[in-house]
Amino acid sequence: MSISPADVTFRVADPDPAAAECTDLTCSTAAELLEPAVVVGTVLASVLALVAFAYLRDARGRCREEGRRVADEQDAFEEFAARLRDLPAGRPAGAGRSASPRGLPAGAASAVPATGRDPTLDRVKRAYRETVMSVPHYEEEYDDDLHASVAAELGDDAAAALVASDGLTPDLREGLTTRTREAVRRRENLTDALDAERDRLDDAETRLARIDRERRALAEHLDGRVADSFDACADVWRRLGELEQRCAAVASDRQAEIRNPPLDRPERSPSFYRYLYGRDPGADHPVLAEVAALVSRIRADRERVEKRLANAQ
């Protein structure tokens, strides 16, 4: 039985079904503002002098935590590959099954375990348990038995081969090692994607923080010398509108990032952003949530200016 990369998908703990993405600022803002957490957060943030950007802070924390877990898993697979290389491999006595070029016995998925099998396969299983299944977060994240874990990470045929083969042949060891290296590469790619996402979050916060500083400066200006000046109030109102348009630009750029994630995931897997943030209800779009909160504050300021304008006439 041959092995192909399509046999294996990157694992996610209990993923929710991927939901349709929002495609514009109106959709994103309305959806996020209806979330109870966003409503409460917006009200509280309105009385603060500085914006905490809690959604972005939590998102960066999620990236850091996932990065640590991915690094632990990468190290575990590298250790498992090293231990595989050190295990003796040879044609087991009494075995007649052939092996495919990629290393797994033909028909392994339906074969019946032979008697008198080489105990080396038990050492392979022990090595897998002591490396891949021993990362600190394994029980919380996956909690699979060995067969399910090997099937998910290395392929169903690899899991079947560990059960059905008579022993660890050179071809089988090569096939398992190849699959393990593929698992390492997937985590290397995921590490790069997490780094890219952190950069995107930092860029969004820089832009939103600049907008909010200007918003607060306008509010202070309004509350100061120009409180009763119609022209000054009108200028503040116009500039607040420009700030809202800049928020729209941040949201538009984020929507483009959502449509072009830093990592393509298999068809059967949830999207990168659902994978990364989906386990935190109401926080699966942290940048859009921050935009929605800031737009809410800007609009509240504009309403306050409108009242000043009515009184100044």
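Residues numbered from 1 in each chain as written. Predicted model: local features only at pLDDT ≥ 70, side-chain atom pairs only at ≥ 80, totals over all residues. Heavy atoms only, no water.

A few words on the overall build of the protein. Helices and strands together make up the secondary structure of the protein, namely eleven helices and zero strands. Along the protein, helices (α) and strands (β) appear in the sequence α-α-α-α-α-α-α-α-α-α-α when read from the amino end. When each of the 313 residues of the protein is scored for burial, the buried share is 46%. Contacts in the protein between residues at least 24 apart in sequence constitute 83% of all its contacts with a sequence separation of at least 6. As displayed, the protein offers around 15600 Å² of accessible surface, 50% of which is attributable to carbon and sulfur atoms. (Helix = DSSP H or I, 4+ residues; strand = E, 2+ residues; numbered from the N terminus. Buried < 20%, exposed > 50% of the residue type's maximum accessible area, 1.4 Å probe, protein only. Contact = heavy atoms within 4.5 Å. Areas by Shrake-Rupley, 256 points an atom, 1.4 Å probe, with all protein chains shown as cover.)

With that settled, the discussion passes to the environment of tyrosine 128. Looking at the element boundaries, tyrosine 128 is found in helix α4 (residues 120-131). Assessed through its relative accessible area of 2%, tyrosine 128 is described here as buried. Excluding residues within four positions of it along the chain, tyrosine 128 makes contact with Phe77, Phe80, Met133, Leu146, Ser149, Val150, Glu153 and Leu154.

Before going further, it helps to spend a moment on α4. Between its terminal C-alpha atoms α4 stretches 17 Å, which fits the 16 Å expected from twelve residues at 1.5 Å a residue. Buried residues of α4: Thr120, Leu121, Val124, Lys125, Ala127, Tyr128 and Thr131, and no others. All buried residues of α4 lie within an arc of 160° about the axis, which places them on one face of the element. As for α4, its buried residues are in contact with α3 (54-86), α6 (146-154), α7 (156-164) and α8 (170-223). (Expected span 1.5 Å × (residues − 1). Arc of directions from axis to C-beta.)

Before going further, it helps to spend a moment on the nonpolar core. Counting 37 residues, the largest nonpolar core has Ile211, Phe272 and Val291 as its most contacted members. Elements with a contribution of two residues or more to this core: α3, α8, α9 (230-259), α10 (272-277) and α11 (286-312). Phe77, Leu84, Leu121 and Ala159 belong to the second largest nonpolar core, which has 27 residues in total. (Core = buried A, V, L, I, M, F, W, Y, C linked by side-chain atoms within 4.5 Å.)

So, about unusual backbone geometry. Despite not being glycine, aspartate 143 shows a phi value in the positive range, around 60°. Among the secondary structure elements, aspartate 143 is positioned in the loop between α5 (138-141) and α6.

In this section: the packing of aromatic side chains. Taken as a whole and judged by the stated rule, the model has four aromatic pairs. Between phenylalanine 80 and tyrosine 128, the aromatic rings sit 5.2 Å apart at their centres with planes inclined by 90°, giving edge-to-face as the arrangement. Taken together, the positions of phenylalanine 80 in helix α3 and tyrosine 128 in helix α4 put the pair 48 residues apart, joining distant regions of the chain. A single burial state applies to phenylalanine 80 and to tyrosine 128, both of which are buried. Seen in terms of ring centroids, phenylalanine 272 and tyrosine 273 are 5.2 Å apart; in terms of plane orientation they differ by 80°. Their pairing is edge-to-face. Here phenylalanine 272 falls in the buried class, since its relative accessible area comes to 1%. Residue classification places tyrosine 273 among the buried residues on the basis of a relative accessible area of 3%. (Phe/Tyr/Trp six-rings, centres within 6.5 Å; stacked < 30°, edge-to-face > 60°.)

Looking now at the side chain of glutamate 66. Inspection of the secondary structure assignment puts glutamate 66 in helix α3. In contact with glutamate 66, other than residues within four places in its own chain, are Leu194, Tyr275 and Leu276.

This paragraph deals with the packing of α7 against α8. Put simply, α7 and α8 touch, their axes get as near as 11 Å, and they point 145° apart. Helix-helix and strand crossings are classified by hand; for α7 and α8 the assignment is left-handed. Contacts between α7 and α8 involve Asp157, Ala158, Ala161 and Leu162 from the first element and Leu172, Leu176 and Arg179 from the second. Here the residues of the contact of α7 with α8 are counted per class, giving five nonpolar, no polar and two charged. (Axes fitted to C-alpha atoms, helices over the stretch in contact; angles between N-to-C directions. Left-handed = near helix turned anticlockwise from the far one by under 90°. Nonpolar A, V, L, I, M, F, W, Y, C, P; charged D, E, K, R; others polar.)

Turning our eyes to something else, we now look at the packing of α3 against α8. Taken N-terminus to C-terminus, the directions of α3 and α8 make an angle of 165°; their axes are 9 Å apart at the nearest point. Comparing their axes, α8 and α3 come out roughly antiparallel. Handedness of the crossing formed by α3 with α8: left-handed. For the contact of α3 with α8, the residue count by class is 14 nonpolar, five polar and 14 charged. (Parallel < 35°, antiparallel > 145°, perpendicular 65-115°, else oblique.)

This part is about the side chain of glutamate 197. Along the chain, glutamate 197 turns up in helix α8. Judged by relative accessible area, which is 0%, glutamate 197 ranks as buried. Of the polar contacts made by the side chain of glutamate 197, one reaches the side chain of arginine 254; its length is 2.8 Å. With sequence-adjacent residues up to four places away left out, glutamate 197 is seen in contact with Cys63, Arg254, Phe272, Tyr273, Leu276 and Tyr277. (Polar contact = N/O pair within 3.5 Å; in protein donor to acceptor, adjacent residues only side chain to side chain.)

A word on the confidence of the model for the protein. Across the protein, the average pLDDT comes to 79, with 70% of residues at or above 70. A low-confidence stretch, residues 95-101 stays under pLDDT 50, and its non-local contacts, those more than four residues away or across chains, total 17 contacts. (pLDDT = per-residue confidence, 0-100.)

Glancing now at a negative patch on the surface. A cluster of acidic residues, Asp72, Asp75, Glu78, Glu188 and Asp192, forms a negative patch on the protein surface. Those elements that place two or more of their residues in the negative patch are α3 and α8. Residue placement: aspartate 72 occurs in helix α3. (Patch = residues over 30% accessible without salt bridge, like charges linked within 9 Å, V, L, I, M, F, W, Y side chains within 5 Å. Salt bridge = Lys/Arg side-chain N within 4 Å of Asp/Glu carboxyl O. Lys, Arg positive; Asp, Glu negative; His and termini not counted. Charge placed at Lys NZ, Arg CZ, Asp CG, Glu CD.)

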